[in-house]
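Topology and contacts: notes
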Amino acid sequence: MSLLSLRDVRVHFNTSGGVVRAVNGVSLDLAVGETLGLVGESGCGKSTLGKAIMKLVPVAGGEIVVEGVDIAPLNREQLTNMRRKVQMIFQDPYGSLNPRSTVGRSVAQPLVLAGWKAAAMAERVETLLRWVGLPSDAKQRYPHEFSGGQRQRIGIARALALSPKLIICDEPVSALDVSVRAQVINLLEDLKSEFGVSYLFISHDLSVVEHIADRVAVMYLGMLVEVGGRDQIWKSPQHPYTRALLAAAPIANPKLARARQRTVLQGELPSPLNPPAGCPFNSRCPIAEDRCRVDKPVLRPVGNGAQAACHFV
Amino acid sequence: MTALPLPLPLPLEVRDLRTTLFTRRGEMKAVDGLSLSVAAGETVALVGESGCGKSLSALSIMRLLPDPPARIIGGEVRLNGRDIVPLPERAMLGIRGKEIGMIFQDPISSLNPVTTVEKQIVEVLMTHTELGRGQARVRAHELLELVGMPDAARRLDAYPHQLSGGMCQRVVIAMAIACSPSVLIADEPTTALDVTVQAQVLALLKKLQAEAGMAMIFITHDLGVVAETADRVVVMYAGRKVEEAPVDDLFESPLHPYTVGLIGATPTPGAERAARLADIPGMVPPLNALPQGCAFAPRCTRVMDRCRTEKPALTVPAPGRLVACFAAERG
Amino acid sequence: MPRFGFPRFEFVGRFSRNRGALIGACLILIVALMAVFASVFFPIDPLRIVGLPELWPGEDPEFPLGTDSLGRDILSMIVHGARATLLIGLFASAVATVIGVGVGATAGYFGGWVDEIAMRAAELFQTIPNLIFVLTIVVIMGSTLTNIVIAIGIVSWTPIARMTRAEFLSLRDREFVQACRSMGMSDFRIIVSEILPNALPPVIVLSSLVVAGAILFESAVSFLGLGDPNVASWGRLVGDGRQLIRSSWYICAIPGIAIMITVLCLNLVGDGLNDALNPKLRDR
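Residues numbered from 1 in each chain as written. Chains lettered and ligands numbered in written order. Predicted model: local features only at pLDDT ≥ 70, side-chain atom pairs only at ≥ 80, totals over all residues.

So, the overall build of chain A
Heads up, the condition is: A run of H or I in DSSP becomes a helix once it reaches four residues, and a run of E becomes a strand once it reaches two; helices and strands are each numbered from the N terminus. Backbone-placed C-beta atoms define the burial measure: a residue is buried with 20 or more other C-beta atoms within 10 Å of its own, exposed with 12 or fewer, and partly exposed in between. C-beta atoms are placed from the backbone for every residue, and two residues are taken to be in contact when these atoms lie within 7 Å.
For chain A, the helix and strand inventory stands at ten helices and twelve strands. When its C-alpha atoms are laid out on the principal axes, chain A stretches across 65 × 50 × 40 Å. For chain A, the residues scored as buried account for 53% of the 313 residues in total. Restricting the contact set of chain A to residue pairs at least 6 apart, pairs at least 24 apart contribute 64%.

Here it is as structure tokens:
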């Protein structure tokens with residue numbers, strides 16, 4: 001049984017301009033001990049999907065199954081079990097911690113809500129801080145005394161408090177410097193090999209995802225366009241959008257950068273209030289035909305365990 | 001006998017630039033003796049992490065420093081041979097936008113939110129050229145087409161909030177190159193943009209540069225973008241240049257331990273992928289508490305005793321390369 | 001385990017850097033001391049007639065600030081009046097703050113129709129002319145201190161509510177709040193123990209300014225003769241001297257100056273609090 005199973009999940013927002021289908025029918029599986037990378041550009045819905053799984057935004061339809069239990073219809077009280085299993089770390093190291101709480105208090109919050117006793121909590125906080133490489137006197141200090149990378153570690157310590165099985169990482173390193181990014185990525189990998197925790201790693205940075213993920217899912221305008229193993233996606237991407245994304249992503253190697261074929265993807269992301277009919281990518285797709293403007297392609301297997309949503313694959 | 005033609009001065013030559021921040025918490029040498037030069041048609045990337053001084057260097061070159069707390073306290077900035085550091089602000093107003101253009105990180109906040117795109121481009125043209133309003137409007141349309149704005153005629157009447165980030169950046173670029181400056185400074189111009197839009201903007205900058213022969217300084221922390229766009233790279237740390245090299249040389253054989261660390265910390269897809277990213281232990285020191293000796297010594301894997309007491313000067317290990325490191329000198 | 005707060009010494013340091021605020025704070029302290037120790041310095045009931053009427057300040061060394069139309073010691077009345085004035089200011093501000101924070105926090109956090117209703121109510125209270133509203137309530141419900149305090153509180157809560165709402169709107173979407181929600185924290189707990197401590201600094205500044213406003217309101221009410229007859233606040237003193245404003249104008253002027261200085265000092269203190277509690281704005 002997979003750890004997380006999404007079936008046709010939908011998230012809609014009502015805005016003054018109309019309905020925005022931020023997540024428009026996403027189905028995905030995440031196995032135990034796996035790191036699934038979720039990539040896409042702004043407005044594709046990847047962050048919204050992460051928040052939907054955490055029940056931070058209302059789910060308009062579909063099933064979110066965590067270890068066999070559909071959590072989509074549950075209310076706040078019924079979700080306590082799920083919260084022990086799934087936790088989240090956020091993008092902004094400066095906003096993800098309460099500036100008026102000490103580090104110790106912030107890290108202990110999940111424990112307080114789960115009803116832990118004071119002595120056990122204190123010991124657990126010490127352990128958590130040690131796991132993420134922070135000194136134990138950190139627990140009396142305030143977030144503003146720490147750097148961005150250290151604050152992310154504090155956020156990770158808080159997420160680990162109840163020993164979750166799955167951590168949703170919403171752009172956890174995008175706001176950090178290059179060298180600090182490496183520290184946090186290495187930490188996440190170490191925690192995975194030591195505790196067997198799974199990650200849903202949401203990011204727009206393809207090279208980071210390529211480094212850390214086992215499988216990758218690509219989103220565009222609220223829908224999945226391709227899912228596959230990491231090496232497979234990088235070596236032979238099937239969907240035209242995946243190809244465009246990989247072609248556009250800078251590579252830190254001048255010789256490789258010059259050698260590769262580059263056709264720059266034209267056009268702009270369509271407004272989510274007014275997505276194109278048929279395939280959402282047809283307005284920018286180099287191989288789009290009439291059929292694409294009418295028929296919406298469905299995500300289907302294309303060999304090697306991969307799936308793609310395109311008429312021509 | 002005809003005289004030999006004098007060599008043309010470089011579009012931009014910075015010599016020993018020093019900028020200090022005067023704050024309540026002490027004086028900070030934000031830029032401590034930076035020298036660099038850019039030839040026509042060349043792109044020099046200025047790389048470093050936050051706090052290294054790269055943005056302040058750019059603002060110093062443009063004389064856009066907020067004073068207080070920042071002030072240029074030494075050095076020269078020669079624009080086409082002329083030192084612009086001692087010039088009064090009135091003279092700088094005629095230079096900025098005309099001989100030297102700049103584009104910033106957040107395109108939407110670079111534009112005036114209450115004026116249309118056309119008015120903003122026209123304003124630049126009328127300030128620095130002899131064009132009348134009618135001619136300027138025609139030129140504004142041409143510029144928007146030049147920067148690849150889709151449906152340019154209609155976008156002229158748009159307000160910035162009606163445009164996407166990528167389109168706004170195109171407008172900013174149009175304004176920056178409107179008067180064909182000899183130097184363009186781009187400070188993280190694509191950091192706030194999506195990957196596919198970033199590729200479009202980088203391709204656009206390359207095309208414009210090739211057509212106009214502009215010298216470009218490209219400031220970024222993203223080594224991938226450096227590899228894609230730069231001819232030469234300058235690496236900065238704690239306000240100083242620590243390495244300079246042609247782009248291929250820098251990635252193939254980085255000399256300074258910080259450069260080695262940065263490249264090792266950047267994930268690269270494909271067969272080159274390392275099992276574990278190199279991480280540089282520690283943090284960038286605060287500018288008002290720099291260590292004695294080499295600023296990178298506390299974090300350096302090749303540190304020697306000498307590094308903790310003496311600051312290394314820039315040496316020339318190979319033609320076209322500079323490095324400030326005692327360990328690198330040793331080889 | 002739970003620990004709150006912000007570095008206290010930094011706060012005092014930042015506050016003291018603002019000279020005006022420091023002077024203001026010292027003067028307010030003096031006024032407060034006057035209020036607390038009034039009976040010690042002036043044990044005789046201030047409303048007792050102790051001298052010749054309408055003595056100018058300086059005429060008689062026993063009455064440094066002179067006497068009023070009935071022969072009461074003005075200095076004694078000022079010192080005793082400080083208590084009434086300050087208490088009214090503080091309590092009215094407290095009422096306004098409690099209402100304002102409650103309404104603003106709920107509106108800002110929950111949004112939707114709760115926000116709509118709250119904001120329409122705020123608009124209603126804002127469009128009614130404040131002084132007339134206060135006077136109306138006092139006239140209808142009676143001129144007691146409690147009623148006056150409540151009335152002033154009722155007209156003063158709207159700016160506090162708006163400020164609280166604005167803070168909550170911006171803090172509600174911060175990631176640390178999302179983190180709390182993802183942990184299953186209840187809304188009430190999030191509002192009170194996570195967001196409110198972060199939202200309070202600008203509200204505190206506003207509350208200090210409301211104290212000043214409340215003092216002015218009360219003075220106006222008492223001046224018009226509608227104040228509590230058992231309380232000799234400074235406003236009442238100004239009102240009592242109305243008849244003699246042409247000849248012995250000092251009877252009005254002295255309490256009037258006292259009111260003015262106190263209000264000014266409260267404004268300075270409010271500025272200082274703003275600088276001290278919002279350090280990011282200061283260092284820019």
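From this point, things continue past the structure.
So, the overall build of chain B
Note the threshold: To get the radius of gyration, use the C-alpha atoms; to get the globule rule, take the number of residues to the power 0.38 and multiply by 2.2 Å.
From N to C terminus, chain B includes 13 helices and eleven strands. Here the C-alpha atoms of chain B give a radius of gyration of 21 Å, agreeing with the 20 Å that 2.2 N^0.38 yields for 331 residues. Summarising its shape, the C-alpha atoms of chain B cover approximately 65 × 55 × 55 Å along the three principal directions. Counting every position in chain B, which comprises 331 residues, the buried fraction comes to 47%. The long-range fraction of contacts in chain B, counting pairs at least 24 apart against all pairs at least 6 apart in sequence, stands at 62%.

Describing the pairing of strand 8 (residues 198-203) of chain A
Residue and element names in this part refer to chain A. Where we set the bar: Being paired, for any two strands, means DSSP has found at least two bridges between them.
Within strand 8, six of the six residues are buried, which leaves it mostly tucked inside the rest of the structure. Side chains Ser198, Leu200 and Ile202 project from strand 8 onto one buried face, and the interleaved Tyr199, Phe201 and Ser203 project onto a second face that is buried too. Summarising the sheet, strand 3 (residues 35-39) and strand 8 pair through five bridges and their orientation is parallel. Looking at the pairing, glycine 37 lines up with phenylalanine 201 of strand 8. Strand direction decides the pairing type here: strand 7 (residues 166-170) and strand 8, joined by five bridges, are parallel.

Considerations on the packing of helix 4 (residues 74-110) of chain C against helix 5 (residues 112-127) of chain C
Residue and element names in this part refer to chain C. Which entries qualify depends on this criterion: Comment: axis = line fitted to C-alpha atoms, over the contacting stretch for helices; angle = value between 0 and 180 degrees taken between N-to-C directions. In this scheme, a crossing is called left-handed if the near helix is turned counterclockwise away from the far one by less than a right angle; it is called right-handed if the turn is clockwise.
Packing of helix 4 against helix 5 leaves a shortest axis separation of 7 Å and a crossing angle of 145°. Of the two elements, helix 4 crosses helix 5, and the hand of that crossing is left-handed. Packed against helix 4, whose contacting residues are Val103, Thr106, Ala107 and Phe110, the element helix 5 presents Gly112, Val114, Asp115, Ala118 and Met119 at the interface.

Side note on the sheet that holds strand 5 (residues 69-70) of chain A
Residues and elements named next belong to chain A. Strand order in this open sheet of four strands is 2-1-4-5, and the pairing throughout is antiparallel. Each end of this open sheet is capped by a strand with a single partner; those strands are strand 2 (18-30) and strand 5. Relative to strand 4 (residues 61-66), strand 1 (residues 4-15) runs antiparallel, the two sharing five bridges. Across the sheet, residue arginine 10 finds its bridge partner in strand 4, namely glycine 61. Set on the sheet, helix 1 (residues 46-53) makes contact with strand 1, strand 2 and strand 4; between it and strand 2 the angle comes to about 70°.

Re the arrangement of the chains
The interface with the highest contact count, out of two pairs of chains in contact, is the one between chains A and B. No interface is formed between chain B and chain C, the nearest pair of C-alpha atoms being 9 Å apart.

What about the environment of arginine 158 of chain A?
All names here are of chain A. Following the sequence through the fold, arginine 158 ends up in helix 5 (residues 148-160). C-alpha of arginine 158 to C-alpha of glutamine 87: the two residues are 71 residues apart in sequence and 9.0 Å apart in space. Beyond its immediate stretch of four places on either side in the chain, arginine 158 contacts Ser106, Val107, Gln109 and Pro110.

Some details on the interface of chain A and chain B
Put simply, the rule reads: By the convention adopted, Pro, Cys, Tyr, Trp, Phe, Met, Ile, Leu, Val and Ala count as nonpolar, Lys, Arg, Asp and Glu as charged, and the other residues, Gly among them, as polar.
Taken together, the 32 residues of chain A in the interface contact 37 residues of chain B. Counting only elements with at least two residues in the side of chain A that touches chain B, the list comes to helix 6 (178-195), helix 7 (206-212), helix 9 (240-248) and helix 10 (254-259) of chain A. Looking at the side of chain A that touches chain B element by element, the count peaks at seven residues for helix 6 of chain A. A class-by-class count of the residues in the side of chain A that touches chain B yields 17 nonpolar, nine polar and six charged.

Digging into helix 1 (residues 54-61) of chain B
Residues and elements named next belong to chain B. For helix 1, a buried count of seven out of eight residues is recorded, marking the element as mostly surrounded by other parts of the structure. Of all the positions in helix 1, only Lys54, Leu56, Ser57, Ala58, Leu59, Ser60 and Ile61 are classed as buried. Of the residues trailing helix 1, arginine 63 is marked for its positive phi of about 55°.

Some thoughts on the sheet that holds strand 4 (residues 70-79) of chain B
All names here are of chain B. Within the open sheet, the four strands sit side by side as 2-1-4-5. Their pairing is antiparallel. The open sheet has two free edges, formed respectively by strand 2 (26-38) and strand 5 (82-83), since each of these has just one partner strand. Note that strand 1 (residues 12-23) and strand 4 share eight bridges and pair antiparallel. Considered in strand 4, the bridge of glutamate 13 is made with arginine 78.

Considering the interface of chain C and chain A
Where the parts come together, the accessible area they lose is often given as the size of the interface. Counting from both sides, the interface comprises 20 residues of chain C and, opposite them, 25 residues of chain A. For the side of chain C that touches chain A, the secondary structure elements donating two or more residues are helix 8 (175-182) and helix 9 (187-223) of chain C. Top contributing element to the side of chain C that touches chain A by residue count: helix 8 of chain C, with seven residues. Looking at the side of chain C that touches chain A residue by residue, the classes come out as ten nonpolar, five polar and five charged.

Considering the environment of glutamate 189 of chain A
All names here are of chain A. Within the element layout of this structure, glutamate 189 appears in helix 6. On the basis of neighbour counts, which here come to 17 C-beta atoms within 10 Å, the residue glutamate 189 falls in the partly exposed class. Along the sequence, glutamate 189 and isoleucine 212 sit 23 residues apart, while their C-alpha atoms lie 7.5 Å from each other.

Quick word on the packing of helix 4 of chain C against helix 7 (residues 145-172) of chain C
Residues and elements named next belong to chain C. It is the contact of helix 4 with helix 7, at a shortest axis distance of 5 Å, that shows an interaxial angle of 35°. The way helix 4 lies across helix 7 gives a crossing that is right-handed. Residues belonging to the contact of helix 4 with helix 7 are distributed by class as follows: 22 nonpolar, seven polar and four charged.

Remarks on the confidence of the model for chain B
Residues and elements named next belong to chain B. For clarity, the cut-off: Values of pLDDT, ranging from 0 to 100, describe the predictor's confidence in every residue of the model.
On average, residues of chain B score 90 in pLDDT, and 97% of them reach the 70 mark or higher. No element of chain B has a lower mean pLDDT than helix 13 (residues 326-330), at 84, and none a higher one than strand 9 (residues 232-237), at 96. ipTM for the predicted complex: 0.87, alongside a pTM of 0.86.

Considering unusual backbone geometry
Residue and element names in this part refer to chain A. Of note in the backbone geometry, glutamate 67 takes a positive phi value of approximately 45° without being a glycine. By secondary structure assignment, the location of glutamate 67 is in the loop between strand 4 and strand 5. Since 17 C-beta atoms lie within 10 Å of it, glutamate 67 is described here as partly exposed.

Regarding the pairing of strand 7 (residues 183-187) of chain B
Residue and element names in this part refer to chain B. In terms of burial, strand 7 is a largely internal element, five of the five residues being buried. Summarising the sheet, strand 7 and strand 8 (residues 215-220) pair through five bridges and their orientation is parallel. Looking at strand 8, one finds that leucine 184 is bridged to methionine 216.

Looking at helix 1 of chain A
Residues and elements named next belong to chain A. Across the eight residues of helix 1, eight count as buried, placing the element largely inside the fold. Residues of helix 1 that are buried include every one of Lys46, Ser47, Thr48, Leu49, Gly50, Lys51, Ala52 and Ile53, and no others. After helix 1 finishes, the residue lysine 55 shows a positive phi value of roughly 60°.

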